[in-house]
Amino acid sequence: LVYNAVENLSGRADLIALRTRAVGTRPFHRVEAVRKVGKLGDRNGEANSLNNLGNAYCSLGQYQQAIQFQQQSLGIRREIGDLNGEAASLGNLGVAYLSLGQYQQVIHLYQQSLEIHREIGDRNGEAASLGNLGVAYAFRLCRSECCDEGRVQFVHYRARRSRRNEHALPGATD
């Protein structure tokens, strides 16, 4: 998880050691400190790092923290006009809210992601957004213990796919 969260920062002497200290939450605090003091400078790289941190916290079950990072990533994506990144951040926010059972919020976020994918002509992203909407509607209808387990499995599946897609060709999304 930590490796993915700092991958964009590779090569910095003060961060290389993070890859070997992937125990507990200490590395996350270090990345936050680096970001806060402005050492990143690159807004797109900062958005990527915030996105990765949000995904990592979501995988750890720390959904409120994940939401904070994803919202920051979303803000930067909007600021720099990165529509693909904006759609991805909306989708990642949806996963975190899905974990909390806030289905109306999830549906709203996935609909926004769908609109962006359609606007930019990203058919794969459109298909993924439609699938995510289907999952959100299904979980909203079913609130049993079985659905709770399914929701957890879906969140872990999305986190794994998100990590894989960070290395995919530009334009490839969930």
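Refer to the preceding data block for the structure.
About the criteria used
- Residues numbered from 1 in each chain as written.
- Predicted model: local features only at pLDDT ≥ 70, side-chain atom pairs only at ≥ 80, totals over all residues.
- Heavy atoms only, no water.
- Helix = DSSP H or I, 4+ residues; strand = E, 2+ residues; numbered from the N terminus.
- Buried < 20%, exposed > 50% of the residue type's maximum accessible area, 1.4 Å probe, protein only.
- Contact = heavy atoms within 4.5 Å.
- Areas by Shrake-Rupley, 256 points an atom, 1.4 Å probe, with all protein chains shown as cover.
- Expected span 1.5 Å × (residues − 1).
- Polar contact = N/O pair within 3.5 Å; in protein donor to acceptor, adjacent residues only side chain to side chain.
- Axes fitted to C-alpha atoms, helices over the stretch in contact; angles between N-to-C directions.
- Parallel < 35°, antiparallel > 145°, perpendicular 65-115°, else oblique.
- Left-handed = near helix turned anticlockwise from the far one by under 90°.
- Nonpolar A, V, L, I, M, F, W, Y, C, P; charged D, E, K, R; others polar.
- Core = buried A, V, L, I, M, F, W, Y, C linked by side-chain atoms within 4.5 Å.
- Phe/Tyr/Trp six-rings, centres within 6.5 Å; stacked < 30°, edge-to-face > 60°.
- Salt bridge = Lys/Arg side-chain N within 4 Å of Asp/Glu carboxyl O.

(A) Examining the overall build of the protein chain more closely. Scanning the protein chain from terminus to terminus reveals nine helices and zero strands. Among the 174 residues that make up the protein chain, the fraction classed as buried is 44%. Pairs at least 24 apart in sequence give 56% of the contacts found in the protein chain among residues at least 6 apart. Counting every atom, the protein chain has about 8,800 Å² of accessible surface; 50% of that belongs to carbon and sulfur.

(B) Spatial organisation of helix H6 (residues 83–99). Its 17 residues give H6 an end-to-end C-alpha distance of 24 Å, which sits within 8% of 24 Å, the value for a rise of 1.5 Å per residue. Taking burial as the measure, the 17 residues of H6 include 14 buried ones, the bulk of the element. By the N-cap criterion, in which a side-chain oxygen at the helix start approaches the backbone nitrogen of a residue two or three places on, H6 is capped by Asp82, the distance to Asn84 being 3.4 Å. A positive backbone phi angle near 75 degrees is found at Gly101, which sits one or two residues after H6.

(C) Seen up close, the packing of H6 against helix H7 (residues 103–120). Where H6 contacts H7, the axes come no closer than 8 Å and their chain directions differ by 160 degrees. Classified by the angle their axes make, H6 and H7 are roughly antiparallel. The element H6 and its partner H7 pack so that their crossing is left-handed. Touching Leu83, Asn84, Glu86, Ala87, Leu90, Gly91, Leu93, Gly94, Val95, Tyr97 and Leu98 of H6 are Tyr103, Gln105, Val106, Leu109, Tyr110, Gln112, Ser113, Ile116, His117, Glu119 and Ile120, all from H7. Grouping the amino acids of the contact of H6 with H7 by side-chain chemistry returns 13 nonpolar, seven polar and two charged.

(D) The nonpolar core, seen in detail. The biggest cluster of nonpolar side chains holds 27 residues, and the ones touching the most others in it are Leu93, Tyr97, Val106 and Tyr110. For this core, the secondary structure elements donating two or more residues are helix H4 (43–59), helix H5 (63–80), H6, H7 and helix H8 (123–141).

(E) Looking closely at the packing of aromatic side chains. Taken as a whole, this structure holds one aromatic pair when the rule is applied. Here the aromatic rings of Tyr57 and Phe69 are separated by 5.4 Å at their centres, their planes lie at 5 degrees, and the arrangement is stacked. Here the residue Tyr57 occupies a position in helix H4, and Phe69 occupies one in helix H5, the gap between them amounting to 12 residues. Judged by relative accessible area, which is 3%, Tyr57 ranks as buried. Residue classification places Phe69 among the buried positions, given a relative accessible area of 1%.

(F) Looking closely at the side chain of Glu86. By the secondary structure assignment, Glu86 is in helix H6. Other than its neighbours up to four places away in sequence, Glu86 contacts Leu74, Arg77, Arg78 and Ile116.

(G) View of H7. Between its terminal C-alpha atoms H7 stretches 26 Å, which fits the 26 Å expected from 18 residues at 1.5 Å a residue. Taken together, the buried positions of H7 are occupied by Tyr103, Val106, Ile107, Leu109, Tyr110, Ser113, Leu114, Ile116 and His117. At the exit of H7 stands Gly121, carrying a positive phi of roughly 75 degrees.

(H) The arrangement of the pattern of salt bridges in detail. Following the criterion strictly, the structure yields six salt bridges and no others. The closest approach of N and O atoms between Glu79 and Arg43, which form a salt bridge, is 2.9 Å. Residue Glu79 is found in helix H5, and its partner Arg43 is found in helix H4; the two are separated by 36 residues along the sequence. Given a relative accessible area of 53%, Glu79 falls into the exposed group. Linking Asp82 and Arg77 is a salt bridge whose minimum nitrogen-to-oxygen distance equals 2.9 Å. On the basis of relative accessibility, which here comes to 22%, the residue Asp82 falls in the partly exposed class. Through salt bridges with shared partners, a single ionic network connects Arg43, Glu46 and Glu79.

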